[in-house]
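What the coordinates show
Given next are the chains, with one letter for each unit.
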Amino acid sequence: MLNDHLLKPALASAFTGKLSDFAGLFFFPFLLAALIAGAAQLFKRRLPAVPVLVASFALTLAAFTLFKTYPAANAWLARALGGRSITLDPTDLVALL
């Protein structure tokens, strides 16, 4: 949060951009897994943790790759986020490592 809300606006650079990618790719699969598990509980179901985590990591990897390399997907995401600019940058895929 510090990077996205303070560093990027004040010191925008390739470093802060990559740092944001690394942080997002670390955090987002766990958030997605929690949302999936929470949704399952609404239907009185309990899902096994490992398959949920694997699916969450796979979906994150696929979406990040799509949004960073495919212009139409990138434009769709920018519109979905209220016009916020999302950089189309295949070099960001290094964060997947």
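The structure contained in this document is the topic of the report that follows. Quick caveat: nothing in here was measured; it's all calculated off a predicted structure.

**Here's the deal with a nonpolar patch on the surface**
There is a patch of nonpolar side chains on the surface, built from Phe26, Phe27, Phe28, Phe30, Leu31, Leu35, Leu53 and Phe57 and spanning about 780 Å² of accessible area. Looking at the nonpolar patch, the elements that each hand over two or more residues are helix H2 (14-42) and helix H3 (49-69). Inspection of the secondary structure puts Leu35 in helix H2.

**A short note on the packing of aromatic side chains**
Scanning all chains against the criterion turns up three aromatic pairs. Measuring from centroid to centroid gives 6.3 Å for Phe67 and Trp76, while their planes differ by 15°, and the two rings are stacked. Classification of Trp76 by relative accessible area gives partly exposed; the value is 49%. Through a chain of ring-to-ring contacts, the aromatic side chains of Phe26, Phe30 and Phe57 assemble into a single cluster.

**Some thoughts on the packing of helix H1 (residues 2-10) against H2**
Angle between the axes and distance between the axes are the two parameters that describe a pair of packed helices. Packing of H1 against H2 brings their axes to within 10 Å, and their N-to-C directions diverge by 170°. Relative to H2, H1 is oriented roughly antiparallel. Along the contact surface, H1 presents Asn3, Asp4, Leu7 and Lys8, while H2 presents Thr16, Leu19 and Ser20. Looking at the contact of H1 with H2 residue by residue, the class counts come to two nonpolar, three polar and two charged.

**Let's talk about H2**
Between its terminal C-alpha atoms H2 stretches 41 Å, which fits the 42 Å expected from 29 residues at 1.5 Å a residue. Of all the bends in H2, the greatest reaches close to 25° and is centred on Phe27; the proline Pro29 follows between one and four positions later. The set of residues buried in H2 consists of Thr16, Ser20, Asp21, Leu25, Pro29, Leu32, Ala33 and Ala40. Put simply, Ser13 is the residue that caps the front of H2, since its side-chain oxygen is 3.3 Å from the backbone nitrogen of Phe15. Downstream of H2 by a residue or two, Lys44 has a phi angle that is positive, lying close to 55°.

Parameters at a glance
Residues numbered from 1 in each chain as written. Predicted model: local features only at pLDDT ≥ 70, side-chain atom pairs only at ≥ 80, totals over all residues. Heavy atoms only, no water. Patch = residues over 30% accessible without salt bridge, like charges linked within 9 Å, V, L, I, M, F, W, Y side chains within 5 Å. Areas by Shrake-Rupley, 256 points an atom, 1.4 Å probe, with all protein chains shown as cover. Salt bridge = Lys/Arg side-chain N within 4 Å of Asp/Glu carboxyl O. Helix = DSSP H or I, 4+ residues; strand = E, 2+ residues; numbered from the N terminus. Phe/Tyr/Trp six-rings, centres within 6.5 Å; stacked < 30°, edge-to-face > 60°. Buried < 20%, exposed > 50% of the residue type's maximum accessible area, 1.4 Å probe, protein only. Axes fitted to C-alpha atoms, helices over the stretch in contact; angles between N-to-C directions. Parallel < 35°, antiparallel > 145°, perpendicular 65-115°, else oblique. Contact = heavy atoms within 4.5 Å. Nonpolar A, V, L, I, M, F, W, Y, C, P; charged D, E, K, R; others polar. Expected span 1.5 Å × (residues − 1). Bend = angle between axes of the 7 residues up to and from the residue. Polar contact = N/O pair within 3.5 Å; in protein donor to acceptor, adjacent residues only side chain to side chain.

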